[in-house]
Amino acid sequence: MKIHFNALENIYKWGSSLVFQCLIKPPVKKNTIPIDLKLHNDIRAVERARFAHQVAEKRRLIKQYKMERERQQKLEEQEEIKRLRKELIPKAQLMPYFDRPFVPRRSEKQPTVPREPKFCIPRHKTIRCCRMSCNDMSGPSQLQHLPSSVEKTEALYKNRGLQ
């Protein structure tokens, strides 16, 4: 004859009689306590909150500083306006002296001495391809035919009849 019992009970046969024996349960392990996990997201969120608070504080200080500066500037402008109103009272202008008219004095500086322009182009300033043509024109024979600036001005005066 077979009898089915719970898994906690054991059946032993001693001879012809059935003996029921209850086994002692092994000691149960204590419940595991979960360790508080410190996720990087949580740490980052705390740091970000601190940073956001610092930024907000800085912005508040900057705004307060600007408001204070504007207030001081406004006070300074008002004081300046008050001062100008006191100083700039319209006054009568003095009459000019018509019996002694203004006569400008002659300058004490020496007049400038005119110089003749240089028609010869220095060799280092000429273009390589044009050196031959420039050298041909700027020879001593060609310079004799070019009038100087003094001769030009004298010719202009003669033409106009100023001299």
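Conventions we followed
Residues numbered from 1 in each chain as written. Predicted model: local features only at pLDDT ≥ 70, side-chain atom pairs only at ≥ 80, totals over all residues. Heavy atoms only, no water. Helix = DSSP H or I, 4+ residues; strand = E, 2+ residues; numbered from the N terminus. Buried < 20%, exposed > 50% of the residue type's maximum accessible area, 1.4 Å probe, protein only. Areas by Shrake-Rupley, 256 points an atom, 1.4 Å probe, with all protein chains shown as cover. Salt bridge = Lys/Arg side-chain N within 4 Å of Asp/Glu carboxyl O. pLDDT = per-residue confidence, 0-100. Contact = heavy atoms within 4.5 Å.

Scanning the chain for helices and strands turns up four helices and two strands. Put simply, the chain runs from its N terminus to its C terminus through helices and strands in the order β-β-α-α-α-α. The burial tally for the chain puts 2% of its 163 residues in the buried class. Total accessible area on the chain stands at roughly 18100 Å², and carbon and sulfur atoms take up 58% of it.

Turning our eyes to something else, we now look at the pattern of salt bridges. Counting across every chain of the model gives four salt bridges. Across the pair Glu 68 and Arg 71 runs a salt bridge, and its minimum N-O distance is 2.5 Å. With Glu 68 and Arg 71 both in helix H1 (residues 40-87) and three residues apart, this pair spans about one turn of that helix. A relative accessible area of 44% means that Arg 71 is categorised as partly exposed. Put simply, Glu 87 and Arg 83 hold a salt bridge, and the shortest N to O gap is 2.9 Å. Here Arg 83 and Glu 87 lie together in helix H1, a separation of four residues that amounts to about one turn. Residue classification places Glu 87 among the partly exposed positions, given a relative accessible area of 47%.

Moving on, we get to the confidence of the model for the chain. On average, residues of the chain score 76 in pLDDT, and 71% of them are at 70 or above. In the predicted structure, residues 1-14 sits below a pLDDT of 50 and forms 19 contacts with residues beyond four places in sequence or in another chain. Confidence drops under a pLDDT of 50 for residues 138-143, and excluding neighbours within four residues, the segment shows three contacts in the predicted structure.

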